[in-house]
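Residues per chain are reported as follows:
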Amino acid sequence: RKVMISLHDLLSSCIDVSRRAGAEIVRIHEQQGHDIEVKHKSGPKDPVTIADVNSEKLIKGLISRQFPGLTIIGEESTPVILPPSSEPMLRFDLTDMTLPSVPLNEVCLWVDPLDGTLEFVEGRLPYVSVLLGISHRGTPVAGVLHQPFLNQTTFGAPGFGVQGCTHSTAIENPASDVCVIAHTFARGSPELDEMMKQFEPMRPERIGGSGTKGLALLEGKAHLFVHPHTSFTSRWDTCAIEAMLYATGGSLTDEWGIRYNYGPDTSRTNDRGLIAASAFGQRFLERYNAPAPPPTPAPGTPAPIPVHMAHH
């Protein structure tokens, strides 16, 4: 008999756990503040702190205890340490999202325990988030984004919409041809500038963190969030966001309009670039001419998901 997992229960637990992880991040910030020790993984733009590590340990432990055998892929690769069974398990009440039960081995949880570590270290705290993305057979089917310093949790699933954030229509004037692109605080690259130029007339909107750039599309603060294939975001940055964008009529693909695969054996990096668009932002996608030809996927990479299969 196949072991099944309720996606409804998993999403419900992820909402609760994202808030607990957020509380731990806030606690560490209040305790250590500017004295927090920063280590670097690949370079100065890739910092990691005890808050990242503690958040991931907490998420992995709590989720693994409730859903033994679930594949969890986290940015910090911390070992799974199960919490004592006395720790109460809470579930957020999700009465109106009737997500199905599916085979456990077809599900993967992508975790970014602290997205926007640079923002965290430099004190731009609203841009810090905890990201939990659930994929089924490689497709994102639900996502949670919790902003610990705003105490706001946004979550959603294709077929059920998104809850928790408010959507403004201020930049959704059909008469305006200006494309608003969520843009990093860090210095961009010539490749990114070149990519953004294609969407002109356009205006950059400064937003820190990958998660909150994606959230900006859901909130109506920007139309697009783009990244060239020469620099990368990771699957744990985009799984949750992708689920919520497709839940609201938006999209997230590589530079060639092909969706990424979020199965357990896939690459961790979005090495074919990134173009995320809100529902309103779809009208600007035709301005983009992708570089030719698309890179060949590494051997053993599962086939990406064609866009027309997105709304299953």
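Heads up: the structure comes first, above all this text.
Model, not experiment: these values are computed from the prediction. (Residues numbered from 1 in each chain as written. Predicted model: local features only at pLDDT ≥ 70, side-chain atom pairs only at ≥ 80, totals over all residues. Heavy atoms only, no water.)

## Re the packing of helix 1 (residues 7–32) against helix 2 (residues 50–66)
At a minimum axis distance of 9 Å, the contact between helix 1 and helix 2 shows a crossing angle of 155 degrees. With respect to their mutual orientation, helix 1 and helix 2 come out roughly antiparallel. Judged by the twist between their axes, the crossing of helix 1 over helix 2 is right-handed. Across the interface between the two elements, Leu10, Ser13, Cys14, Val17, Arg20, Ala21, Glu24, Ile25, Arg27, Ile28 and Gln32 of helix 1 pack against Ile50, Ala51, Asn54, Ser55, Leu58, Ile59, Leu62, Ile63 and Gln66 of helix 2. Of the residues assigned to the contact of helix 1 with helix 2, the class counts are 12 nonpolar, 5 polar and 3 charged. (Axes fitted to C-alpha atoms, helices over the stretch in contact; angles between N-to-C directions. Helix = DSSP H or I, 4+ residues; strand = E, 2+ residues; numbered from the N terminus. Parallel < 35°, antiparallel > 145°, perpendicular 65-115°, else oblique. Left-handed = near helix turned anticlockwise from the far one by under 90°. Contact = heavy atoms within 4.5 Å. Nonpolar A, V, L, I, M, F, W, Y, C, P; charged D, E, K, R; others polar.)

## Some words on the pairing of strand 9 (residues 152–157)
Strand 9 sits mainly inside the fold: 5 of its 6 residues count as buried. As paired strands, strand 9 and strand 10 (residues 161–163) are joined by 3 bridges and run antiparallel to one another. Bridge pairing links Gly156 to Val162 in strand 10. Remark: 3 residues form the turn of the hairpin made by strand 9 and strand 10, two consecutive strands paired antiparallel; Gly159 in that turn has positive phi of roughly 100 degrees. (Buried < 20%, exposed > 50% of the residue type's maximum accessible area, 1.4 Å probe, protein only. Pairing = 2+ DSSP bridges.)

## Remarks on the pairing of strand 12 (residues 202–206)
Relative to strand 12, strand 11 (residues 179–183) runs parallel, the two being bridged by 5 bridges. Looking at strand 12, one finds that Cys179 is bridged to Met202. Taken together, strand 11, helix 4 (residues 190–197) and strand 12 form a β-α-β motif whose crossover is right-handed. (Right-handed = clockwise from strand over helix to strand, strands pointing away.)

## Some remarks on the sheet that holds strand 12
As summarised here, the arrangement of the 5 strands in space is 12-11-13-15-14, forming an open sheet in which the pairing is mixed. Of all strands in the sheet, those with a lone pairing partner are strand 12 and strand 14 (251–253), marking the two edges. Shown here is a sheet whose adjacent strand axes are inclined to one another by a mean of 25 degrees, direction ignored. Of the pairings in the sheet, the one linking strand 13 (residues 224–227) to strand 15 (residues 274–277) comprises 4 bridges and is antiparallel in character. Counterpart to Leu224 in the pairing with strand 15 is Ala277. Strands strand 14 and strand 15 of the sheet are contacted by helix 6 (residues 235–247), whose axis makes an angle of about 140 degrees with strand 14.

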